Amino acid sequence: MKIQDIFSDLPNLETERLILRKITIQDAAEMYEYSSVPQVYEYVPWETHKTIEDSMGFIEYVLKQYESGHLAPWAIELKAEKKMIGTIDFVSRSPSHYTAEMGFILSKTYWGKGLIKEAAGMVMEFGLEKMDLNRIEASCMSENVQSKRVPHKLGMKLEGISREKHFIKGKFRDMANYALLKSEFEG
């Protein structure tokens, strides 16, 4: 299946507690609710959303990605609350190498509840089965202790630290690099 077919009609994925679905313009207020919290954006390259228009601008960008069949995020919706609480996606992909890198962001209110592990497990399964990936990667700033736990819980292996790999928010950042191979995935 072509990547354009998958991402122009991004399928819903469901777990016990979550629905992973397309982002809609109606998600703007809920996205702004978590995207305006500085702690949520401390370890990512982009800035905290200052206004709801920032969230709407991001959503408009995502909608264009869906239309053109490019990689784009799923909204993470908590079933019990019918509320968008974050996003998860493949932030990059190399089809010739059967590889993609996964990224995520979650409302601080829901940290420490295993929700990212649940969402990421489903996205990894989707990537390995539907996108024919052999390798899924994830990276995070070395100082981001909380995010470094997620790849371990998913069975990913630390492959190394890229020293001062990115210049983010005024300083050079070391990046911890993780990966999981299809042969290692337990579903």
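Now for a description of the structure that goes with this document. (Residues numbered from 1 in each chain as written. Predicted model: local features only at pLDDT ≥ 70, side-chain atom pairs only at ≥ 80, totals over all residues. Heavy atoms only, no water.)

Overview of the pairing of strand β5 (residues 99-106)
This is how it is decided: Summary of the burial criterion: residues with accessible area below 20% of their type's maximum are buried, those above 50% are exposed, and those between are partly exposed, where the area comes from a 1.4 Å probe applied to protein chains only. Elements are defined by DSSP. Helices are runs of H or I of four residues or more, strands are runs of E of two residues or more, and each kind is numbered from the N terminus. A pair of strands is considered paired only if DSSP assigns at least 2 bridges between the two.
Most of β5 sits inside the fold, with six of its eight residues counted as buried. Of the strand pairs in this sheet, strand β4 (residues 83-94) and β5 are connected by eight bridges, and their pairing is antiparallel. Bridge pairing links T87 to I105 in β5. The antiparallel hairpin formed by β4 and β5 contains four residues in its connecting segment, where Y98 sits at a positive phi of about 60°. Relative to strand β6 (residues 135-141), β5 runs parallel, the two being bridged by three bridges. Of the residues in β6, the one forming a bridge with A100 is I136.

Thoughts on helix α2 (residues 28-35)
Every α-helix carries 3.6 residues per turn, so stepping three or four residues along brings you back to the same face. For clarity, the cut-off: Read the arc as the range of directions from the helix axis to the C-beta atoms. What makes two residues a contact is simply this: any of their non-hydrogen atoms within 4.5 Å.
Looking only at α2, the buried set comprises A28, M31, Y34 and S35. With its buried residues spanning 135° around the axis, α2 presents them on a single face. Of the surrounding elements, those touching the buried residues of α2 are α3 (52-68), β4 and β5.

Some thoughts on the packing of α2 against α3
The test is simple: Between the N-to-C directions of two axes lies an angle of 0 to 180 degrees, each axis being a line fitted to C-alpha atoms and, for a helix, fitted only over the stretch in contact. Rotating anticlockwise by less than a right angle from the far helix to the near helix defines a left-handed crossing, while the corresponding clockwise rotation defines a right-handed one. Any residue outside Ala, Val, Leu, Ile, Met, Phe, Trp, Tyr, Cys, Pro, Asp, Glu, Lys and Arg is labelled polar, Gly included; the first ten of those are nonpolar and the last four are charged.
In the contact formed by α2 and α3, the axes pass within 8 Å of each other and the chain directions differ by 115°. Viewed along their axes, α2 and α3 form a crossing whose handedness is right-handed. Two secondary-structure elements touch here, α2 through A28, A29, M31, Y32 and S35 and α3 through I52, S55, M56, F58 and I59. When grouped by side-chain class, the residues that make up the contact of α2 with α3 number eight nonpolar, two polar and no charged.

Description of the packing of aromatic side chains
The condition that has to hold: When the centres of two rings from Phe, Tyr and Trp lie within 6.5 Å, Trp using its six-membered ring, the rings pair. Their planes under 30 degrees apart give stacked, over 60 give edge-to-face, and anything left gives tilted. We call a charge positioned above a ring when the Lys NZ or Arg CZ atom is no farther than 6 Å from the ring centre and deviates by at most 35 degrees from the ring normal.
Per the counting criterion, the structure on display carries three aromatic pairs. Here W74 and F126 contribute two aromatic rings whose centre-to-centre distance is 5.4 Å and whose plane-to-plane angle is 85°, an arrangement assigned as edge-to-face. In this pair, W74 sits in strand β3 (residues 74-78) while F126 sits in helix α4 (residues 115-130), placing the two residues 52 residues apart along the sequence. We note that W74, like F126, is buried. The interplanar angle of 65° and the centroid separation of 4.9 Å between the aromatic rings of F167 and F172 together place this pair among those described as edge-to-face. A residue is classified by how much of its surface remains accessible, and F167, at 54% relative accessible area, is exposed. Positioned above the aromatic ring of Y66 is the side chain of K22, whose terminal nitrogen or guanidinium carbon lies 5.1 Å from the ring centre.

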